[in-house]
Amino acid sequence: MRAATGTGRPGRVPPHPDMREIGLQQVLEALVDPVRRRIVVELYAAREDLACGAIDLPVGKSTATHHFHVLREAGLIRQHYAGTSRMNALRREEFEERFPGLLRAVVAAHEGDASA
């Protein structure tokens, strides 16, 4: 019998779409929501992967889970488990290759909106 360890268990890393299959429309639809933009901005600034609960969001846990799911399906984030925490990382390099400059523009616009 195989030991149940973090990355060895099936289902411990949710499926992630291939960046070649992600279209601009899907990305823009994911980024239209201010809560999802806030998650992207937080992950953009983070020096390490962040747990879902580490990002202060103005929504309940189930709604936050939905927002993280939308971002993962749009190819913006990668998720994995560390113990019982679902960790999140921006797919910055992959995303920059597919949509050059888009993440920087979204973050800059969000920060400009926040300072207004």
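Note that residues are indexed from 1 along each chain, following the sequence as it is written. Since the coordinates come from a predicted model, pLDDT governs what is reported: local features require at least 70, and pairs of side-chain atoms require 80 or more to be given and counted, while whole-chain, interface and lining totals use all residues. In computing side-chain properties, one takes all heavy atoms of the structure into account and sets aside hydrogens as well as water.

A. Quick peek at the overall build of the protein. Secondary structure is summarised from DSSP: a helix means a run of H or I of at least four residues, a strand means a run of E of at least two, and numbering begins at the N terminus for each. Looking only at helices and strands, the protein has five helices and three strands in total. Starting at the N terminus and walking to the C terminus, you meet the elements of the protein as α-α-β-α-β-β-α-α. To be clear on the numbers: accessible area is Shrake-Rupley with a 1.4 Å probe, and residue cover counts the displayed protein chains and nothing else. Accessible area for the protein stands at about 7,100 Å²; split by element, carbon and sulfur atoms hold 53% of it.

B. Spotlight on the nonpolar core. Residues belong to a common nonpolar core when they are buried Ala, Val, Leu, Ile, Met, Phe, Trp, Tyr or Cys residues joined through side-chain atoms within 4.5 Å. Only protein chains enter the accessibility calculation, which uses a 1.4 Å probe. A residue is then buried if its area is under 20% of the maximum for its type, exposed if over 50%, and partly exposed in between. Among the nonpolar cores identified, the biggest contains 24 residues, and I39, L76 and F95 are the most heavily contacted of them. Counting residues per element, the ones that place at least two in this core are helix 1 (24–31), helix 2 (34–45), helix 3 (61–73) and helix 5 (102–115). No other element matches the four residues that helix 2 contributes to this core. Any two residues whose heavy atoms approach within 4.5 Å are treated as being in contact. Leave out the neighbours within four places in its chain, and F95 touches M19, V27, A74, G75, L76, P100, L102 and L103.

C. Highlighting helix 2. In a helix, the anticipated span is given by 1.5 Å times the number of residues less one. Here helix 2 contains 12 residues, and its C-alpha end-to-end distance of 16 Å stays within 8% of the 16 Å for a straight helix at 1.5 Å per residue. Of the residues making up helix 2, those classed as buried are V35, R36, I39, V40, V41 and L43. Residues adjacent in sequence count toward polar contacts only when both atoms are side-chain atoms; beyond that, a polar contact is any pair of N or O atoms within 3.5 Å, and within protein one must be able to donate a hydrogen and the other to accept it. The backbone nitrogen of V35 lies 2.8 Å from a side-chain oxygen of the residue at the head of helix 2, namely D33.

D. Representation of the pairing of strand 2 (residues 77–82) within the structure. Note on pairing: DSSP must find at least two bridges between two strands before they are called paired. Two strands pair when backbone bridges link them, and strand 2 and strand 3 (residues 85–90) are joined in this way by six bridges, in the antiparallel orientation. Considered in strand 3, the bridge of A82 is made with S85. A loop of two residues connects strand 2 with strand 3, the two strands running antiparallel in sequence, and G83 in this loop sits at a positive phi of about 70°.

E. The packing of aromatic side chains, seen in detail. For Phe, Tyr and Trp, rings pair up if their centres lie within 6.5 Å, where Trp contributes its six-membered ring, and each pair is then called stacked (planes under 30 degrees apart), edge-to-face (over 60) or tilted (otherwise). Applying the stated criterion to the full structure yields one aromatic pair. When the ring of F95 is compared with that of F99, the centres are 5.2 Å apart and the planes differ by 45°; the resulting orientation is tilted. Think of it as a cone above the ring: NZ of Lys or CZ of Arg counts as a charge over the ring if it is within 6 Å of the ring centre and within 35 degrees of the ring normal. For R92, the ring lying beneath its charged end belongs to Y44, and the centroid distance is 4.0 Å.

F. Region of the structure containing the sheet that holds strand 3. Sheet architecture is open: three strands sit in the order 1-3-2, paired in antiparallel fashion. Looking along the sheet, the strands with just one partner apiece sit at the ends: strand 1 (50–51) and strand 2. Where helix 2 meets the sheet, its contacts fall on strand 1, strand 2 and strand 3, and the angle it forms with strand 3 comes to roughly 80°. A fitted line through C-alpha atoms represents every axis, and for helices the fit uses only the stretch in contact; the resulting angles, taken between N-to-C directions, go from 0 to 180 degrees. Contacts from helix 3 reach strand 2 and strand 3, with the element oriented near 125° to strand 2.

G. Region of the structure containing the confidence of the model for the protein. Confidence scores labelled pLDDT are given residue by residue by the predictor and lie between 0 and 100. This prediction gives the protein a mean pLDDT of 89; 88% of its residues lie at or above 70. The model gives residues 1–8 a pLDDT under 50, and that stretch makes four contacts with residues more than four places away or in other chains.

H. Representation of the environment of R38 within the structure. Relative to the elements of secondary structure, R38 occurs in helix 2. Taking relative accessible area as the criterion, R38 reaches 29% and is therefore assigned partly exposed. Taking the C-alpha atoms as reference points, R38 and H110, separated by 72 residues in sequence, lie 7.8 Å from one another. Ignoring sequence-local partners within four residues, the contact set of R38 consists of D56, L57, P58 and H110.

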